[in-house]
Amino acid sequence: MQGIKDKIQEIKSALPANVTLVAVSKTKPISDIQEAYNAGQRVFGENKIQEMVEKYDELPKDIQWHMIGHLQRNKVKYMAHFVDLIHGVDSFKTLKEIDKQAKKHDRVINCLLQAHIAEEDTKFGLSFNEIKSILASDEFKELSNVKIVGLMGMATFTDDKNQIQKEFSSLHSLYTGLAKHYTSFKILSMGMSRDYNLAIECGSNMVRIGSSIFGSRNYLT
Ligand SMILES: *Cc1c(COP(=O)(O)O)cnc(C)c1O
């Protein structure tokens, strides 16, 4: 069986140079993350704040921790001193809370606005119009401790490649349009184990890969 180290190397060597790999380590033990770290991986993604904090405390401090999950506002304070990038910002209220907590640590926290691109209503995210209106609002301009560096989206869970491609492409065109006006825009986070190649074809420059590196997750244990 291939180990974590081999999988990291295999995936990394096939990624275009401009694409950042976020190794999604949610539910996985410290030892798995350490193995990926030893293979040179430094960017890890978690979807629960508490779990990320515990892992941060135990692991080397040059790891860049990305919060990729839906955010509970009352828990933002626990990660404000170290989180490197927050992918799942889907309301202005959350952005305001991140700003408030970042200020306490004298930091500017990089964030992505999460767009709703999937057909399912279960996936969180903002409409394209909501994204534009947040960016254009005066309230947003007053926040000095958050920086929106791009967008994140998740495609519909389907085998229909055309559908996935349509969704990724629509987010890419929103991204490129906004990047002309907002010079802080650098990151388009799209693509997971099952669809990252397609996401890259559609313009993604950050992929979030879990099960293809660490194996499938067992939520029952
Ligand atoms: C779990 C998760 C991933 C990784 O999913 P895999 O299918 O295991 O690659 C990516 N993005 C988000 C937002 C996730 O919650």
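Residues numbered from 1 in each chain as written. Predicted model: local features only at pLDDT ≥ 70, side-chain atom pairs only at ≥ 80, totals over all residues. Heavy atoms only, no water.

For the protein chain, the name recorded in an unreviewed UniProt entry is Pyridoxal phosphate homeostasis protein, with Tenacibaculum geojense as its organism. Checking UniProt for the protein chain, the heading Sequence similarities (unreviewed entry) contains the comment "Belongs to the pyridoxal phosphate-binding protein YggS/PROSC family." Annotation of the protein chain in UniProt includes, under Function (unreviewed entry), the sentence "Pyridoxal 5'-phosphate (PLP)-binding protein, which is involved in PLP homeostasis." (UniProt positions renumbered as here; feature names shortened; annotations may be inferred.)

All right, on to the site of the ligand then. In the neighbourhood of the ligand, the contacting residues comprise Val24, Lys26, Ile68, Met152, Met154, Met192, Ser193, Arg208, Ile209, Gly210, Ser211 and Arg217. Backbone polar atom of glycine 210 to an oxygen atom of the ligand: 2.8 Å apart, as the coordinates give it. In the environment of the ligand, an oxygen atom lies 2.8 Å from a nitrogen or oxygen atom belonging to the backbone of serine 211. Residues of the shell around the ligand, tallied by class, amount to six nonpolar, three polar and three charged. (Near = heavy atom within 4 Å. Polar contact = N/O pair within 3.5 Å; in protein donor to acceptor, adjacent residues only side chain to side chain. Nonpolar A, V, L, I, M, F, W, Y, C, P; charged D, E, K, R; others polar.)

Here the structure, examined in full by the defined rule, presents five salt bridges. Lysine 55 is the partner of glutamate 46 in a salt bridge, and the nearest nitrogen-oxygen pair spans 2.9 Å. Both residues of the pair, glutamate 46 and lysine 55, count as buried. The closest approach of N and O atoms between lysine 103 and aspartate 99, which form a salt bridge, is 3.4 Å. Residue lysine 103 and its partner aspartate 99 are located together in helix H4 (residues 92-104), separated by four residues, close to a single helical turn. (Salt bridge = Lys/Arg side-chain N within 4 Å of Asp/Glu carboxyl O. Buried < 20%, exposed > 50% of the residue type's maximum accessible area, 1.4 Å probe, protein only. Helix = DSSP H or I, 4+ residues; strand = E, 2+ residues; numbered from the N terminus.)

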